[in-house]
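The primary structure of each chain is shown beneath.
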Amino acid sequence: MSEKNQKSLFNSNRTIVWVFICAVLVAGLLLILPLYMQNCLSKLYLKSQDLSYKIGQLQRERTLQELEINKLSSLENLSVFADSVGLDLNGVPTKVRVTGAQ
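Note that this is a predicted model, so its numbers are computed, not measured.

*Asks:* Hey, could you run me through the overall build of the protein chain in this one?
*Replies:* The number of helices and strands found in the protein chain is 1 helix and 0 strands. Of all 102 residues assigned to the protein chain, the portion counted as buried reaches 1%. Carbon and sulfur atoms form 64% of the exposed surface of the protein chain, whose accessible area is close to 10,200 Å².

*Asks:* What should I look at first to understand a nonpolar patch on the surface in this one?
*Replies:* A grouping of Val-17, Trp-18, Phe-20, Ile-21, Val-24 and Leu-25 is seen on the molecular surface, where their side chains present a nonpolar patch of about 620 Å² in accessible area. Looking at the element boundaries, Val-24 is found in helix α1 (residues 2–85).

*Asks:* Where do I start with the pattern of salt bridges in this structure?
*Replies:* Two side chains carrying opposite charge are able to pair once their charged atoms lie near each other. Applying the stated criterion across every chain yields a total of 2 salt bridges. A salt bridge links Lys-54 to Asp-50, with the shortest nitrogen-to-oxygen separation between them at 3.7 Å. Within this pair, Lys-54 and its partner Asp-50 are both found in helix α1, separated by 4 residues, close to a single helical turn.

Definitions and limits used
Along each chain, numbering runs from 1 in the same order as the chain's sequence is written. Where local features are concerned, this predicted model is filtered to residues with pLDDT of at least 70; where side-chain atom pairs are given and counted, the filter is 80 or more; whole-chain, interface and lining totals use all residues. Each side-chain value is worked out from all heavy atoms of the structure, with water and hydrogens disregarded. The helix and strand labels rest on DSSP assignments: H or I over at least four residues marks a helix, E over at least two residues marks a strand, and numbering proceeds from the N terminus. The rule is simple: take the accessible area with a 1.4 Å probe, protein chains only, and divide by the maximum for that residue type; under 20% is buried, over 50% is exposed, in between is partly exposed. All accessible-area figures derive from a Shrake-Rupley calculation using a 1.4 Å probe, and residue coverage is judged against the displayed protein chains alone. Exposure above 30% relative accessible area and the absence of a salt bridge qualify a residue for a patch, where like charges join within 9 Å and nonpolar side chains (Val, Leu, Ile, Met, Phe, Trp, Tyr) within 5 Å. We define a salt bridge as a side-chain nitrogen of Lys or Arg found within 4 Å of a carboxyl oxygen belonging to Asp or Glu.

Pasting the structure below:
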């Protein structure tokens, strides 16, 4: 009977050691997990800030292009209007002589 007691005692000691090792590993993971999550969150904030900066730059470029398009289209409309009225703004200018003022 002493052999059975020794075997069960050996098995129970091994079990206690494994449980202790598992508990230490779980405690370590629980202590490291918040730090890991904080690092991931910091990376996401940095990426979000970088993307918002790029969005601002792209919106600025888009607005500048829209202004340029509006400017060109308004000149184009003026040119069409001048041609339809007969002002001929694109032709060679003619000198106008003022009469009566000498």
